[in-house]
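Residue strings, one per chain:
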Amino acid sequence: MYMKLTVKKPGLDMSTVQSELDLSYGQRYQGVVIPEAYERLILDTIRGDQQHFVRRDLCTVPACVQTR
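Residues numbered from 1 in each chain as written. Predicted model: local features only at pLDDT ≥ 70, side-chain atom pairs only at ≥ 80, totals over all residues. Heavy atoms only, no water.

## Considering the overall build of the chain
Defined as follows: Numbering of helices and strands starts at the N terminus; helices are DSSP runs of H or I of at least 4 residues and strands are runs of E of at least 2. Categorising residues by exposure relies on relative accessible area from a 1.4 Å probe, with only protein chains included: less than 20% of the type maximum marks a residue as buried, more than 50% marks it as exposed, and the intermediate range marks it as partly exposed. Here a residue-residue contact requires only that any non-hydrogen atoms of the pair lie within 4.5 Å. Per-residue and other accessible areas follow the Shrake-Rupley method at a 1.4 Å probe size, with only the shown protein chains counted as cover for residues.
Summing up its helical and strand segments, the chain has two helices and two strands in all. In sequence order, the secondary structure elements of the chain are arranged as β-β-α-α. In the chain, which comprises 68 residues, the share counted as buried stands at 3%. Within the chain, residue pairs in contact and separated by at least 24 positions form 0% of the contacts whose partners lie at least 6 positions apart. Total accessible area computed for the chain in this model is approximately 6,800 Å², and 57% of it derives from carbon and sulfur atoms.

Shown next, in the form of structure tokens:
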């Protein structure tokens, strides 16, 4: 992810400066395997973490499409 922002310059002045936000996971975290979204979802499910799912009794017809 790369962004260019206008931020307040450090200090007591009320002046701004352009700053870059560069977060390239491949460069910053070399040698670390970062799982894809579905890999993380499957792993969380295997571990019993159900926070990404809606219970059937909480699901209303307009909000959820139920397939059988």
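So much for the structure itself; the text now carries on.
## Details of a nonpolar patch on the surface
Formally: Patch definition: residues with relative accessible area over 30% and no salt bridge; like charges joined within 9 Å; nonpolar side chains (Val, Leu, Ile, Met, Phe, Trp, Tyr) joined within 5 Å. Any Lys or Arg side-chain nitrogen located within 4 Å of an Asp or Glu carboxyl oxygen qualifies as a salt bridge.
Together, Met3, Leu5, Val7, Val17 and Leu21 line one region of the surface with nonpolar side chains, adding up to about 340 Å² of accessible area. Those elements that provide at least two residues to the nonpolar patch are strand 1 (2–8) and strand 2 (16–22). Here Leu21 shows up in strand 2. Residue classification places Leu21 among the partly exposed residues on the basis of a relative accessible area of 38%.

## As for the side chain of Asp44
One can find Asp44 in helix 2 (residues 37–46). When its relative accessible area of 9% is taken as the criterion, Asp44 is described as buried. In contact with Asp44, not counting residues within four places along its chain, are Asp49 and His52.

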